[in-house]
Amino acid sequence: MSLVTDLTALTLAEARAGLKAGDFTAVELTEAYVAAVEAARGLNAYIVETPEKARAMAKASDERIARGEARPLEGIPLGIKDLFATEGVHTQACSHVLDGFKPPYESTVTANLWADGAVMLGKLNMDEFAMGSSNETSYYGPVTNPWRRQGSNASLVPGGSSGGSAAAVAARICLGATATDTGGSIRQPAAFTGTVGIKPTYGRCSRWGIVAFASSLDQAGPIARDVRDAAILLKSMASVDPKDTTSVDLPVPDYEAAVGRSVKGLTIGIPREYRLDGMPAEVDALWQTGIEILKDAGATIVDISLPHTKYALPAYYIVAPAEASSNLARYDGVRYGLREKGDDIVDLYEKSRAAGFGDEVKRRILIGTYVLSAGYYDAYYLRAQKVRTLIKRDFETAYASGVDAVLTPATPSAAFAIGEKAGADPVEMYLNDVFTVTVNMAGLPGLAVPAGLSAEGLPLGLQLIGRPFDEETLFTLGGAIEQAAGRFSADKWW
Amino acid sequence: MTIAPRLPDPKKLIKGATGDWEVVIGLEVHAQVTSQSKLFSGASAAYGGAPNSHVSLVDAAMPGMLPVINEECIAQAVRTGLGLRAAINPYSVFDRKNYFYPDLPQGYQISQYKQPIVGEGIVTVDLADGSAIEVGIERLHLEQDAGKSIHDQHPTMSFVDLNRSGVALMEIVSKPDLRSSEEAKAYLAKLRTILRYLGTCDGNMEEGSLRADINVSVRRPGDPLGTRCEIKNVNSMRFAGQAIEYEARRQIAILEDGGVIDQETRLYDPGKGETRSMRSKEEAHDYRYFPDPDLLPLVLDPAWIEGLKAHLPELPDEKKARFIRDYGVTPYDAMVLTLERASADYFEQVAKGRDGKAAANFMINELFGRLNKDGKAIEDSPVSADQLGAIVDLIRDGTISGKIAKDLFEIVYTEGGDPRDLVESRGLKQVTDTGAIEAAVDAVIAANPDKVAQALAKPTLAGWFVGQVMKATGGKANPQAVNDLVKAKLGIE
Amino acid sequence: MSVDTATVTRVARLARIKVSADEAERMTHELNSILGFVEQLNEVDVAGVEPMTSAVNTTMRWRQDAVTDGGDAGRVTLNAPLSDDNFFMVPKVVE
């Protein structure tokens, strides 16, 4: 079965070319992935496998290809984060509270992918309601990162919340995956797994049919093997949607065309506030490597200041839980999902929600409820939204001064071990998102691209932050870094 | 837009055991917006329907569903604001009001809290004694209606139907400018009239299209405002009046006993005619309002508002003034005629080219009375404006007497037909031929010599002869002609 | 600002999540850790700063008033834990 191994080694762009050339069929490609998915169950990346659906979709793709009617993602097998509603298929945001929920509708983003010919392999594990940075809060258990430290068998986290998506792409058990990012949930797991992830500008992808966490921050995007694959996927995922009035009515550019463009003439800002005390030297070194790569490729490097950076994370931990506390009120055991017996309606609510939500979700609901409660709104929520304005203004000032994109590390460290940060203080875990969360607060696009390995042999990523709706420049710059730094693949051990 | 504060009106004070009390009332009216679909979803906003049949996945708060605002609901709110002579806010914000209830699927109601779409306005309210008061409008905002819980279908369970969930409501908040139950009812009626003129709410109280939360407090004349109680969800004008009367007296009794009023929410029980405390609502609410992050601020283009203004129909106050001016009707008649736009339109059709006063009299005394008796609306009147106009013409040109006109109206009402033809075919024509009348007068005089003698002694008895002649002619003789002839023949002046 | 266990219990009640005394105790510590972390926002001078209302500069789109949805009660109650005749059912609610 050397064919199987070979096929899953291809990138999305390579597989697309192979299908077009008739080197293999969509069914063969899908079978290779179905087998790989089964073989990788130990990673716990998929919580639901849909092989029959995948085969049927692949068969239909082959017919289309035969008729010469191939669409942009014809026959490409993908994994779908459990946050996306998939019609008739388990959709629970990896929470027990949505026990048994099978939506009678399809999210706009996944519908876009199927309309472009993609094939669905199954639903991917994630942190419950996308609340987490290690995929350890999932009702379905943690995901194991395909990467291990050199000489160690310790299971590492893939990051979160899109841990299943990142692990599945890194383990080559899908050609690409959908993901979502509220504070770093695409970029941090991408960085932890040596994959490429992009959180597009807020409003670029429709949020319709994606289980809401924090409405003003949530945004869908892809995790992929390389920059080109990410560009191909985002093109299909993005759209203006009449059902989401926060989606923006701008044409979706051909992102793939931006990959490989010259970076000459582009100005890259290096924000001094991202140089944290106690940041590992190798992260700083990686950042320097990125700077050198872009400089060598002809970009201009300038130091910039984003003075409110340090306030992004605390402001986030007011805004996101506040919105979540309200968004998650609908999980009450009345119309769908888990229902515990109660003496009366209040008892039913309290027991169903207590049994249905995990600890991290409860924590955030309580924080959110508290900061919105009478007497605290101005001190917390209103102040945090004002700080958000200042954070956004920082970026606007930088862009107005001629900066085309900002380069930062993606995470303050490489992947850590499962259970390592499960200590008493939730804030320690939250600090994982210190570099990514500003981007959500300002609604900007951010791309994570692997740029090297840690001393322990784990991938480390850089983050590129762009102007609103200028994802193309990020793909250009990310492509340049990728070309110079190379790609990083986990050795198969699972 | 401010209204001068009202001085205590002695006529409106309530006599207590220890002196006079002034009742102070403010209303929060929930008016269902007239629209095809819901405020944030494409499901039908129509009343009724099989359980959960007017429900989209958005209304049922399925995961990942998002609200999309209905343009017509915004327009209706703006039209209403203009009709209330209120300030339209070009920038308003939708907030979430968070609480748990089975008929509130999202766990929050989308409403407008700090920045409503409409600000302060004024409503002129006509009272039964012919006076008018100005009532201030505090604000108007858009919000979602909740679903319905049905409690009588099962011994231990409530049934939830979300058909109403997400239907657009306008909450119209008055200032505490009302001073009696009569005023409150008149305000509610006027508000209903304005909404119906504008076509922004059908005002159907039975179907819950219009419901009021009533804030009531009492005070000694000239004192600052007392502690108020809110009577929730009153769904008829009559109940509104009864609830206020009861509540005011309840509060007075407490205060006169040396007690204090607890600020609380109460419910009116029409069966018992009392208000009672809603204990279940007493758990302290903390609605945790915050701007709905799924909805951007609502920004209105001034040109768009102007466009709506330009197409606003003539409102009751303007129409009333015009009827007085152009048709010469009394202010009271003009008020009655303009209560409903359909009545006003009917009147104008009748009054066109005719004597407005006569048309108004006949409409108010005959038509409205008859429709009321049958519980019919003017739209369902069996007598058309043209038919009514013809009857008025027949009186005017002397073809029929006022009395016969009433009979003719009844025939047209119950049987239909052209009044002119009916006058001919049924022989209802007034007799103006003096020869025929003279003969009838002569006959009556000849047959009653004793009465003639009495009449000569007491001329007012001439009326008796007139009556007899009218009877003899089947009421068709011209009463004036009969009168003149009787007097001439008897030789009395 | 920090919270005590009574406050956590009250907030949990508001959020309709049953918490045991032990849980309330543990959550009090966790919540205070988070509240301590966000305290640093008080350093920021926000005088005259407008709160953010939208991450992107755009205006809200409106939809035409037309019935385009509903009419399928079965679809609405498909996932209901307890329903009858297309009604959702809950323990009796007393007004």
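Residues numbered from 1 in each chain as written. Chains lettered and ligands numbered in written order. Predicted model: local features only at pLDDT ≥ 70, side-chain atom pairs only at ≥ 80, totals over all residues. Heavy atoms only, no water.

**Describing the overall build of chain C**
Consideration 1: Counting its regular elements, chain C contains three helices and two strands.
Consideration 2: Start at the N end of chain C and walk to the C end: the helices and strands fall as α-α-α-β-β.
Consideration 3: Scaling as 2.2 N^0.38, a compact globule of 95 residues should have a C-alpha radius of gyration of about 12 Å, whereas chain C reaches 22 Å, well beyond that.
Consideration 4: Here chain C holds 95 residues, and 44% of them are scored as buried.
Consideration 5: Of note, chain C has its 9 positive side-chain charges centred 7 Å away from the centre of its 15 negative side-chain charges. (Helix = DSSP H or I, 4+ residues; strand = E, 2+ residues; numbered from the N terminus. Rg over C-alpha atoms; globule rule 2.2 N^0.38 Å. Buried < 20%, exposed > 50% of the residue type's maximum accessible area, 1.4 Å probe, protein only. Lys, Arg positive; Asp, Glu negative; His and termini not counted. Charge placed at Lys NZ, Arg CZ, Asp CG, Glu CD.)

**As for the sheet that holds strand E4 (residues 95-98) of chain B**
Residue and element names in this part refer to chain B.
Consideration 1: Strands sit in the order E5-E4-E15 across an open sheet of three strands; the sheet is antiparallel. A strand with exactly one partner marks an edge of an open sheet, and here the two such strands are strand E5 (108-111) and strand E15 (290-291).
Consideration 2: With four bridges joining them, E4 and E5 adopt antiparallel strand pairing. When the bridges of E5 are listed, Asp95 appears paired with Ser111. (Pairing = 2+ DSSP bridges.)

**Observations regarding the packing of aromatic side chains**
Consideration 1: Summed over all chains, the structure comprises 32 aromatic pairs over all chains.
Consideration 2: Residues Tyr316(A) and Tyr317(A) carry aromatic rings whose centres are separated by 5.0 Å and whose planes lie at 80° to one another, so their mutual orientation is edge-to-face. The pair formed by Tyr316(A) and Tyr317(A) is uniform in burial state, with each residue classed as buried.
Consideration 3: Ring centres 5.7 Å apart and planes at 85° place the aromatic pair Trp493(A) and Trp494(A) in the edge-to-face group.
Consideration 4: Trp493(A) sits in the partly exposed class, given a relative accessible area of 32%.
Consideration 5: For Trp494(A), a relative accessible area of 16% gives the class buried.
Consideration 6: An aromatic cluster is built from Phe101(A), Phe129(A), Tyr331(A), Tyr336(A) and Phe357(A), whose rings are joined through pairwise contacts.
Consideration 7: The side chain of Arg96(B) reaches across the aromatic face of Tyr108(B), ending 4.0 Å from its centre. (Phe/Tyr/Trp six-rings, centres within 6.5 Å; stacked < 30°, edge-to-face > 60°. Lys NZ or Arg CZ within 6 Å of the ring centre and 35° of its normal.)

**Details of the interface of chain C and chain B**
Consideration 1: The interface of chain C with chain B comprises 39 residues on the first partner and 51 residues on the second.
Consideration 2: Where chain C abuts chain B, roughly 3900 Å² becomes buried across the two surfaces, and 62% of that area is made up of carbon and sulfur atoms.
Consideration 3: Applying the counting rule to chain C against chain B returns zero salt bridges.
Consideration 4: For the pair chain C and chain B, the number of links is 23 residue pairs in polar contact (both at pLDDT 80 or more).
Consideration 5: Within the residue set of the side of chain C that touches chain B, elements represented by two or more residues are helix H1 (5-14), helix H3 (73-77) and strand E2 (87-91) of chain C.
Consideration 6: Looking at the side of chain C that touches chain B, the element that brings in the most residues is E2(C), giving five residues. (Contact = heavy atoms within 4.5 Å. Buried area = accessible area lost by both parts, 1.4 Å probe. Salt bridge = Lys/Arg side-chain N within 4 Å of Asp/Glu carboxyl O. Polar contact = N/O pair within 3.5 Å; in protein donor to acceptor, adjacent residues only side chain to side chain.)

**Points about the sheet that holds strand E9 (residues 157-161) of chain B**
Consideration 1: The strand order E8(B)-E9(B)-E2(C)-E1(C) describes an open sheet built from four strands, whose pairing is antiparallel. In this open sheet, the two edge strands, each paired with only one partner strand, are strand E8 (148-150) of chain B together with strand E1 (83-84) of chain C.
Consideration 2: In this structure, E9(B) lies alongside E2(C), joined through four bridges in antiparallel fashion. Paired with Phe159(B) across the strands is Met89(C), a residue of E2(C).

**What about the interface of chain A and chain C?**
It is common to report an interface's size as the accessible area lost on association of the parts.
Consideration 1: Chain A puts 74 residues into the contact, and the matching count from chain C is 53 residues.
Consideration 2: Of the roughly 5500 Å² buried between chain A and chain C, counting both surfaces, carbon and sulfur atoms make up 67%.
Consideration 3: When the buried surface of chain A facing chain C is broken down by residue, Glu350(A), Leu366(A) and Arg383(A) rank first, second and third, together holding 13% of it.
Consideration 4: Where chain A touches chain C, the interface holds seven salt bridges.

**A few points about the environment of Leu371(B)**
All names here are of chain B.
Consideration 1: Tracing the backbone through its elements, the reader meets Leu371 in helix H8 (residues 356-374).
Consideration 2: A residue is classified by how much of its surface remains accessible, and Leu371, at 3% relative accessible area, is buried.
Consideration 3: Residues Leu371 and Lys357, spaced 14 residues apart in sequence, show a C-alpha to C-alpha distance of 20 Å.
Consideration 4: Dropping the residues within four chain positions of it, Leu371 is found in contact with Lys376, Ala377, Ile378, Ser381, Pro382 and Tyr413.

**What to know about the pattern of salt bridges**
Consideration 1: If you walk through the whole model with that rule in mind, you get 72 salt bridges over all chains.
Consideration 2: Across the pair Glu360(A) and Arg364(A) runs a salt bridge, and its minimum N-O distance is 2.7 Å. A residue pair is termed a helical-turn pair when its members lie 3 or 4 positions apart in one helix, as Glu360(A) and Arg364(A) do in helix H13 (residues 359-372) at four residues.
Consideration 3: What makes Glu360(A) buried here is its relative accessible area of 9%.
Consideration 4: Where Arg370(B) meets Asp374(B), a salt bridge forms, and the shortest distance between an N and an O atom there is 3.2 Å. On the criterion of helical spacing, the pair formed by Arg370(B) and Asp374(B) is a turn pair, its members being four residues apart in helix H8.
Consideration 5: The network of salt bridges with common partners includes Asp359(A), Glu360(A), Arg363(A), Arg364(A), Arg26(C) and Glu30(C).

**Points about helix H3 (residues 237-256) of chain B**
Residue and element names in this part refer to chain B.
Consideration 1: Compared with an ideal rise of 1.5 Å per residue, which puts 20 residues at 28 Å, H3 spans 29 Å between its outermost C-alpha atoms and is within 8% of the ideal.
Consideration 2: Within H3, the full set of buried residues consists of Phe239, Ala240, Gly241, Ala243, Ile244, Glu247, Ala248, Arg250, Gln251 and Ile252.
Consideration 3: A side-chain oxygen of the first residue of H3 lies 3.3 Å from the backbone nitrogen of Arg238; this N-cap is Ser236. (Expected span 1.5 Å × (residues − 1).)

**Re the domain arrangement of chain B**
Consideration 1: Along its sequence, chain B is carved into domain 1 (25-308), domain 2 (315-425) and domain 3 (434-490).
Consideration 2: The straight-line distance from the C-alpha centre of domain 2 of chain B to that of domain 3 of chain B is 33 Å. (Domains from an automatic or database assignment.)

**Some thoughts on the nonpolar core**
Consideration 1: Phe129(A), Phe395(A), Leu407(A) and Phe475(A) are the most contacted members of the largest nonpolar core, which has 207 residues in total.
Consideration 2: Counting residues per element, this core draws most heavily on helix H11 (residues 312-327) of chain A, which supplies ten residues.
Consideration 3: Once you skip the residues sitting within four places of it in the chain, Phe475(A) turns out to touch Ile198(A), Val227(A), Ala230(A), Ala231(A), Leu234(A), Tyr255(A), Ala258(A), Val259(A) and Leu447(A).
Consideration 4: Judged by nonpolar contacts, the second largest core, of 108 residues, contains Leu127(B), Val234(B), Tyr327(B) and Ala405(B). (Core = buried A, V, L, I, M, F, W, Y, C linked by side-chain atoms within 4.5 Å.)

**Regarding the packing of helix H7 (residues 341-351) of chain B against H8(B)**
Residues and elements named next belong to chain B.
Consideration 1: Where H7 meets H8, the axes come as close as 9 Å, and the angle between the chain directions of the two elements is 130°. Here H7 is positioned oblique relative to H8, judged by the angle of their axes. Handedness of the H7/H8 crossing: right-handed. Across from Ser343, Tyr346, Phe347, Val350 and Ala351 in H7, the residues of H8 making contact are Gly356, Ala359, Ala360, Met363, Leu367 and Phe368. (Axes fitted to C-alpha atoms, helices over the stretch in contact; angles between N-to-C directions. Parallel < 35°, antiparallel > 145°, perpendicular 65-115°, else oblique. Left-handed = near helix turned anticlockwise from the far one by under 90°.)

**Some remarks on helix H8 (residues 227-237) of chain A**
Residues and elements named next belong to chain A.
Consideration 1: Most of H8 sits inside the fold, with nine of its eleven residues counted as buried.
Consideration 2: Regarding H8, the residues found buried are Val227, Asp229, Ala230, Ala231, Ile232, Leu233, Leu234, Ser236 and Met237.
Consideration 3: With a side-chain oxygen positioned 3.4 Å from the backbone nitrogen of Arg228, the residue opening H8 is Asp226.

**A look at unusual backbone geometry**
When glycine is set aside, most residues are seen to have a negative phi, and most peptide bonds are trans.
All names here are of chain A.
Consideration 1: Here the bond from Gly160 into Ser161 is cis, since omega is 5°, no more than 30 degrees from zero.
Consideration 2: Mapped onto the secondary structure, Ser161 falls in the loop between strand E3 (119-124) and helix H6 (163-170).
Consideration 3: The phi dihedral of Phe469 is positive, around 60°, even though this residue is not glycine.
Consideration 4: Considering the arrangement of structural elements, one finds Phe469 in the loop between strand E11 (459-466) and helix H17 (471-485).

**Brief notes about the confidence of the model for chain C**
Consideration 1: Counting all residues, the mean pLDDT for chain C is 94, and 99% of those residues have values of 70 or more.
Consideration 2: This prediction of the complex comes with two scores: 0.92 for pTM and 0.97 for ipTM. (pLDDT = per-residue confidence, 0-100.)

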